[in-house]
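Coordinates in review
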Amino acid sequence: MLIFDSVLGLLILFLAWLSISSRDLFEAIVMFIALGLMIALAWMRLQAPDAALAEAAIGAGLAGALLLATLSRLECQTDDQPRSISVLWSLVWLGLAVGLLLAFSQLPTEHPGMMPEVLANIDQSGVGHPVTAVLLNYRAWDTALELAVLAWAWFAQQAINRGQHPAFLSLQGQVLSSAAKLFAPLLILIGGYLLWRGADASGGAFQAGAVLAAGLVLYSLATQSALPYQGWQGLALKILWLAGFWLFALVGLVGFVLGLSFMGYPPAHAGSLILLIELFATLTIAFLLAAMFSGVTDKGRAA
């Protein structure tokens, strides 16, 4: 396994170099997607399946799809910057890498971390999985702000693309289109399972939301249609985009009124409240990520 881990580490560095140094944008995106898959494998080797799921679904999957969709709208697919600039940036990143390696070498070899404290208080968290307990109890603020940043990213995309209508990537062939329609419901089912299992095993809102977004993207590609933006369907969709963050804030205020800390949960109802938060956070993540890809614009249509 030492040989496997060494090869995996070198492959990650090699793919990272190719993804930033390639002068062909399509090749760079393919290398980036391959890099995400190798990083997901590395997370599995580090016994962090939650991070591996998120990296495979978001880093390699949806991020790659967004890059490919952006590439389809670019007129030029080559990088015309002078080679000297690329060499300069390569030296800068190499220096940063050396600095990080030196800092990493100074870290203590053994450290108990926060796991003993998390496990000692797991009964009060409302869930049985330590990762979920950390994200929804000790780091609830961080998790809520991550949802806000995701919504902010969508608004920024709309501001940049104002007056433009992203085109769909056309699926070639009936077999691929039928397969997309077949896998979309399956991905929705898997997303629901990941959400439910997140309380006691690897999974949770971000993993489930990413898988659901992948299902929505496949459905959009198969049907060549954007997410609804106008009418009652559009209004419901906009509410879901922000529901995860606002529900976080609402539960936090309720805990504050009950005499607990802000973002605190009553111990008797912690499990139910966390499941409710995870459900709406999943929908927020799924619809925001899918909207970034499917071309929902302020005029409610896609070209």
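Whatever comes next refers back to the structure up there.
Residues numbered from 1 in each chain as written. Predicted model: local features only at pLDDT ≥ 70, side-chain atom pairs only at ≥ 80, totals over all residues. Heavy atoms only, no water.

Here we look at the nonpolar core
Ranked by internal contacts, the top residues of the largest apolar core, which has 35 residues, are Trp241, Phe248, Tyr265 and Ile277. Among the secondary structure elements, those contributing two or more residues to this core are α3 (49-71), α6 (130-138), α7 (140-160), α9 (205-223), α10 (231-257) and α11 (270-294). Tallying contributions element by element places α11 first for this core, with 11 residues. Counting residues in each nonpolar core, the second largest holds six residues, with Leu8, Met31, Leu35 and Ala42 among its members. (Core = buried A, V, L, I, M, F, W, Y, C linked by side-chain atoms within 4.5 Å. Buried < 20%, exposed > 50% of the residue type's maximum accessible area, 1.4 Å probe, protein only. Helix = DSSP H or I, 4+ residues; strand = E, 2+ residues; numbered from the N terminus.)

Examining the packing of aromatic side chains
Considering all chains together, one arrives at one aromatic pair under this definition. Between Phe245 and Trp246 the ring centres are 5.3 Å apart and the planes differ by 70°, which places this aromatic pair in the edge-to-face class. (Phe/Tyr/Trp six-rings, centres within 6.5 Å; stacked < 30°, edge-to-face > 60°.)

Observations regarding empty space enclosed by the protein
Enumeration according to the criterion identifies one cavity of 30 Å³ or more in this entry. By volume, the largest cavity is sized at about 90 Å³. Residue lining of the largest cavity: Asp50, Val131, Thr132, Leu135, Leu136, Thr143, Gly203, Gly204, Ala205, Phe206, Gln207 and Glu278, and that is the complete set. Residue assignment for the lining of the largest cavity shows that the elements contributing at least two residues are α6 and α9. The element that contributes the greatest number of residues to the lining of the largest cavity is α6, accounting for four residues. Of the residues that constitute the lining of the largest cavity, the class distribution is five nonpolar, five polar and two charged. (1 Å grid on protein atoms, 1.4 Å probe; cavity = no way out; pocket = protein on both sides within 12 Å on 5 of 7 lines; lining within 4 Å. Points joined across faces, edges and corners; volume = space filled by probe spheres on them. Nonpolar A, V, L, I, M, F, W, Y, C, P; charged D, E, K, R; others polar.)

Some remarks on helix α1 (residues 2-21)
The end-to-end C-alpha distance of α1, which contains 20 residues, comes to 29 Å, matching closely the 28 Å that a straight helix rising 1.5 Å per residue would cover. All buried positions along α1 are accounted for by Leu8, Ile12, Leu15 and Ser19. Projected down its long axis, α1 carries its buried residues within an arc of 75°, all on one side. The exposed set on the far side of α1, more than 90 degrees from its buried face, consists of Leu2, Ile3, Val7, Leu10 and Leu13. Packing partners of the buried residues in α1 comprise α2 (25-45). (Expected span 1.5 Å × (residues − 1). Arc of directions from axis to C-beta. Contact = heavy atoms within 4.5 Å.)

Observations regarding the layout of surface pockets
The volume enclosed by the largest pocket comes to roughly 690 Å³. Surrounding the largest pocket, 17 residues form its lining, Ile12, Leu13, Ala16, Ala97 and Leu100 being those nearest its centre. If you list the elements that add at least two residues to the lining of the largest pocket, you get α1 and α4 (83-105). The element best represented in the lining of the largest pocket is α4, accounting for nine residues. Its residues assigned to classes, the lining of the largest pocket shows 14 nonpolar, three polar and no charged.

Here we look at the pattern of salt bridges
Counted according to the given criterion, the structure contains one salt bridge. For Asp5, the salt bridge goes to Arg45, with nearest N and O atoms at 2.8 Å. On the criterion of sequence distance, the pair formed by Asp5 in helix α1 and Arg45 in helix α2 is long-range, its members being 40 residues apart. Judged by its relative accessible area of 30%, Asp5 is partly exposed. (Salt bridge = Lys/Arg side-chain N within 4 Å of Asp/Glu carboxyl O.)

Just distances and angles here, no functional claims.
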